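# Survey of secondary and tertiary structure
Next come the chains, spelled out residue by residue.
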Amino acid sequence: MANSGDTTRTYSSLVVDGMERAPSRAMLHAVGFKNEDFKKPQIGIASTWSMVTPCNMHINKLADAAASGVDNANGKAVIFNTITISDGISMGTEGMKYSLVSREVIADSIETVVGCQGFDGIVAIGGCDKNMPGCMLALLRLNRPAIFVYGGTIMPGCHKDKKLDVVSVFEAVGARANNQIDDAELAEIEAKAIPGAGSCGGMYTANTMASAIEALGMSLPNSSAQAAISNDKRLDCERAGAAVLELLKKDIKPSDIMTKAAFENAITVVIALGGSTNAVLHLLAMANAGNVDITLDDFTRIGKHVPLLADLKPSGRYQMAELIEIGGIQPLMKILLDKRLLHGDCLTVTGLTLAENLSRVEPYPNGQDMIHSLDNPIKNNSHIVVLYGNLASGGAVAKITGKEGLRFTGKAKVFDTEEQALHSILNGGIVKGDVIVIRYEGPKGGPGMREMLSPTSAIMGKGLGKDVALITDGRFSGGTHGFVVGHITPEAYVGGPIAIIENGDIITIDAENNELKLVINEHEIARRLEKWQQPAPRYTRGVLAKYARLVSSASLGAVTDNLD
């Protein structure tokens, strides 16, 4: 019979306790269990290690460190793997359609292993973009004591005394197409941009989500701001392994930590950092998994009062490695807390409240210009702008730092795939005043809601960043900047008005009034929608077809287990 009296072994006791569980114990002996291990809480270490991307190539060593932390705290660690894909490698190809799908596969696989094996707690370690929300979806569904560890950021590359990252290469492609650099310089930038292990270096999606998870209280303080290859990151993993045992003893679960107030903290920190629009999609999905009431309109409500403070790439000057040097995000969170922009009473994985964690945090060093003061913000309110209008009755998400202006009106140039749009941009088909429309790239229509980093980087490389806009029912990489609107809902594939835009139509993007508008009369819109016919699905079998059938709209987080 299972040992029901030990609250730290609620699940593992059902698998290994009692005479009748001898066959289970026999199999575990073969993977290194000793007799005394069967009386210890079992902690699953969910590793996203893989050699398909530099973001994750080191995570096997981090998983070993987390396992040591568990074992040294009198638990029993069991390492297992889930998948990862690489956004950066697949960007601009058909393969990118699997990127957002991988978030669901990661969540499903971690839930499956932990549920089957009876682990009492979890340490999840993620690197590439979709690892973070994928892990968090699983932790929320399982609701067992758990900690997330970020794999850490990459160090910058360097070319001609200029710091590089992967976005530098995407933009160099546009510069080469515009004859601003030659083939030899493009090859040099390519060779120098990615010097080793770690996630992409700006405030792109990986660093954004790591910061959001720390603000949620689900990572140990400073986990988001450590280099991938560093003693600090190794120690972070060891401490996480020990900390999850403390969470077990105190019976602190993700649902105790990830409350509505905690999600509001995460949104606040994402805004202050100038984070990726993908945070909107992922935080909505995570809230859904935790049955927390967060909607698109919460981003607007919070964004009215929270300024953009961080001068970080892609729209700013600095990389995450440089933010690490001045203290990471903890001093920023202390600034926000002191101005009552964060909920200090939220519980965290330390077992303490957010305010208690931040009480001894030192301020940023004098003279730094990376994080602006509250009385001298980069932008007075959020760079993440939720738009509505006749093109987006269900909402759309724009990334407007203010450097692009707050309003754009232009003529539509319409493309039904990302590849068509990129070809036109690189070959001079886009001119000042154009609004590039890329459709049938939504969650169902793509399927998979690809990121448009290749087209937006090509726009920048061609020198058109302030002269054109781009709208899509797809989404954007955290590395995207410019006048861009994504997540348009309803998407083209389900008959959203983006499907009936024609070349030459006038489109207005108004970030001051939060409106995305097709400037034609309602009767013409109705006439075109009446004529519209849904295209055949691009995939009829396999994971992309299954995803297209299950996935919700972007405005609901593009989740696949929504029963509504």
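Starting afresh in each chain, residues are numbered from 1 along the sequence in its written order. Confidence filtering applies because this is a predicted model: local features only for residues at pLDDT of at least 70, side-chain atom pairs given and counted only at 80 or more, and all residues used for totals across whole chains, interfaces and linings. Working from all heavy atoms in the structure, the side-chain values ignore hydrogens and water.

### Things to note about the overall build of the protein
Helix and strand content of the protein: 21 helices and 14 strands. All radius of gyration figures rest on C-alpha atoms, and the globule criterion is 2.2 Å times the number of residues raised to 0.38. For 564 residues, the compact-globule estimate of 2.2 N^0.38 gives 24 Å, and the C-alpha radius of gyration of the protein, at 24 Å, lies within 12% of that figure. Expressed as lengths along the three principal axes of its C-alpha atoms, the size of the protein is roughly 75 × 55 × 50 Å. Residue burial is assigned from relative accessible area. The probe radius is 1.4 Å, only protein chains are included, and a residue is buried under 20% of its type maximum, exposed over 50%, and partly exposed in between. Residues counted as buried form 59% of the 564 residues belonging to the protein. Contacts are assigned to residue pairs with any non-hydrogen atoms lying within 4.5 Å of each other. Once local pairs closer than 6 in sequence are excluded, the contacts in the protein between residues at least 24 apart make up 76%. Accessible surface, the protein: about 21,500 Å² in total, of which carbon and sulfur atoms supply 52%. Positive residues here are Lys and Arg, negative ones are Asp and Glu, while His and the chain termini are left out of the count. Lysine's charge is taken at NZ, arginine's at CZ, aspartate's at CG and glutamate's at CD. If the 54 positive side-chain charges of the protein are averaged to one point and the 62 negative ones to another, these points end up 1 Å apart. Note on conventions: DSSP H or I runs of at least 4 residues are helices, E runs of at least 2 residues are strands, and numbering of each starts at the N terminus. Residue-level accessible areas treat just the shown protein chains as cover; the underlying method is Shrake-Rupley with a 1.4 Å probe.

### Details of the UniProt feature "domain: Dihydroxy-acid/6-phosphogluconate dehydratase C-terminal" (unreviewed entry) in the protein
UniProt positions are given in the numbering used here, feature names are shortened, and annotations may be inferred rather than shown by experiment. Residues given the UniProt feature "domain: Dihydroxy-acid/6-phosphogluconate dehydratase C-terminal" (unreviewed entry) here are residues 369-558. Along residues 369-558, the helical share is 19% and the strand share 25%, with 37 Å between the first and last C-alpha atoms.

### Some thoughts on the nonpolar core
Generally speaking, a soluble globular protein has its nonpolar side chains buried in company with each other. Of all hydrophobic cores here, the largest spans 103 residues; its most connected members are Ile 45, Leu 283 and Leu 323. In terms of residues, this core owes the most to one element, helix 12 (residues 260-273), which gives 9 residues. Filtering out sequence-adjacent residues up to four positions away, Leu 283 remains in contact with Met 209, Leu 216, Phe 263, Ala 266, Ile 267 and Phe 299. Side-chain atoms within 4.5 Å link the members of a nonpolar core, which is a set of buried Ala, Val, Leu, Ile, Met, Phe, Trp, Tyr and Cys residues. Among the nonpolar cores identified, the runner-up in size contains 30 residues, and Ile 498, Ile 507, Ala 511 and Ile 525 belong to it.

### Observations regarding the packing of helix 5 (residues 99-117) against helix 6 (residues 131-142)
Between N-to-C directions, angles span 0 to 180 degrees; the directions come from axes that are lines fitted to C-alpha atoms, helices contributing only their stretch in contact. Running from N to C, helix 5 and helix 6 cross one another at 40°; their axes reach a closest spacing of 8 Å. Comparing the axis directions of helix 5 and helix 6 gives the class oblique. Here helix 5 and helix 6 pass one another in a crossing that is right-handed. Where helix 5 approaches helix 6, its residues Arg 103, Glu 104, Ile 106, Ala 107, Asp 108, Ile 110, Glu 111, Val 114 and Gly 115 are matched on the opposing element by Asn 131, Pro 133, Gly 134, Cys 135, Leu 137, Ala 138, Arg 141 and Leu 142. Each residue gets one of three labels, nonpolar for Ala, Val, Leu, Ile, Met, Phe, Trp, Tyr, Cys and Pro, charged for Asp, Glu, Lys and Arg, and polar for the others, Gly among them. Split by residue class, the contact of helix 5 with helix 6 holds 9 nonpolar, 3 polar and 5 charged. Here roughly perpendicular refers to angles of 65 to 115 degrees, roughly parallel to angles under 35, roughly antiparallel to angles over 145, and oblique to all remaining angles. Each helix crossing is assigned a hand: it is left-handed if the near helix lies turned anticlockwise from the far helix by less than a right angle, otherwise right-handed if that turn is clockwise.

### A short note on the side chain of Lys 40
Secondary-structure assignment places Lys 40 in the loop between helix 2 (22-30) and strand 1 (42-47). Those residues within four positions of Lys 40 in sequence are excluded, and the remaining contacts are Arg 9, Ser 12, Asn 74, Gly 75 and Lys 76.

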